[in-house]
Amino acid sequence: PSPFRILLLHNISMNNLHNVIVLPYALANYNGYADFFFNTIGPTDSSLYSSNKNEEKVIKVPVITLDSLIDNLRLRKISILKMDIEGAECLAIEGAKNLLREGLIERIVLELHPWICHREKLFNNLKPNYKFDYEMKFPRTTILYFRNNR
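Residues numbered from 1 in each chain as written. Predicted model: local features only at pLDDT ≥ 70, side-chain atom pairs only at ≥ 80, totals over all residues. Heavy atoms only, no water.

*Asks:* Help me understand the nonpolar core in this model?
*Replies:* Across soluble globular proteins, nonpolar side chains show a tendency to be buried alongside one another. Within the largest apolar cluster, 25 residues are counted, with the highest numbers of intra-cluster contacts made by Ile-108 and Leu-122. Counting residues per element, the ones that place at least two in this core are α2 (66-73), β4 (78-83), α3 (89-94), α4 (97-101), β5 (105-112), α5 (119-126) and β7 (142-148). Top element by residues in this core is β5. It accounts for four residues. Discounting chain neighbours no more than four positions away, the residues touching Leu-122 are Cys-90, Ile-93, Leu-110, Leu-112, Cys-117, Leu-144 and Phe-146. Counting 11 residues, the second-largest nonpolar core is a separate cluster that includes Ala-26, Ala-28, Phe-38 and Leu-91. (Core = buried A, V, L, I, M, F, W, Y, C linked by side-chain atoms within 4.5 Å. Buried < 20%, exposed > 50% of the residue type's maximum accessible area, 1.4 Å probe, protein only. Helix = DSSP H or I, 4+ residues; strand = E, 2+ residues; numbered from the N terminus. Contact = heavy atoms within 4.5 Å.)

Pasting the structure below:
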């Protein structure tokens, strides 16, 4: 839902990508609208969570669950779900209950922002159908890898 959508669409076109769909939603654990904290200095730090910095502009954006999104797109499975959504990863996983229960996602790769999305909560939402594979730790974040148990 970033105002930089036009730039993203331009990059997709310039790189001749045909398997990319840009949708005007943020992922959450409900369908509706939410405040999106757009960082005017570093747009890649924008999030559904405020960083309490002066450079944030609050905009209202549509939010959708992953279950609803995948159903709307009529997809039958996801080979790899990769998320780096600035702390909203737990919300997105909470909104994927059906996909997770039915094992329709083969692998999950996500960036964990532990001050927003607690590791235990994330792991509990993925049990029992997903197994933790490994992690890569960086100074401000951690990348986690999970795979379907089936």
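From this point, the narrative continues.
*Asks:* Looking at this structure, how should I read the packing of aromatic side chains?
*Replies:* A ring pair, where both rings are aromatic, is described by two values, the distance of the centres and the angle of the planes. Under the criterion given, the structure shown has four aromatic pairs. With centroids separated by 5.2 Å and ring planes inclined at 70°, the aromatic side chains of Phe-123 and Phe-146 adopt a geometry described as edge-to-face. Placement of Phe-123 in helix α5 and of Phe-146 in strand β7 is noted, with a sequence separation of 23 residues between them. As far as burial versus exposure is concerned, Phe-123 and Phe-146 are alike and both buried. (Phe/Tyr/Trp six-rings, centres within 6.5 Å; stacked < 30°, edge-to-face > 60°.)

*Asks:* Is there a simple way to think about unusual backbone geometry in this case?
*Replies:* With the exception of glycine, most residues fall at negative phi, and the peptide bonds are largely trans. Going from Lys-127 to Pro-128, the amide bond is cis rather than trans, its omega being -5°. Positionally, Pro-128 belongs in the loop between α5 and β6 (130-137). Positive phi values are uncommon outside glycine, yet Asn-16 reaches one of about 55°. Within the secondary structure layout, Asn-16 lies in the loop between α1 (5-14) and β1 (26-27). In the Ramachandran plot, Arg-74 falls in the positive-phi region, its phi being about 60° despite a non-glycine side chain. Overall, Arg-74 belongs to the exposed group, its relative accessible area being 74%.

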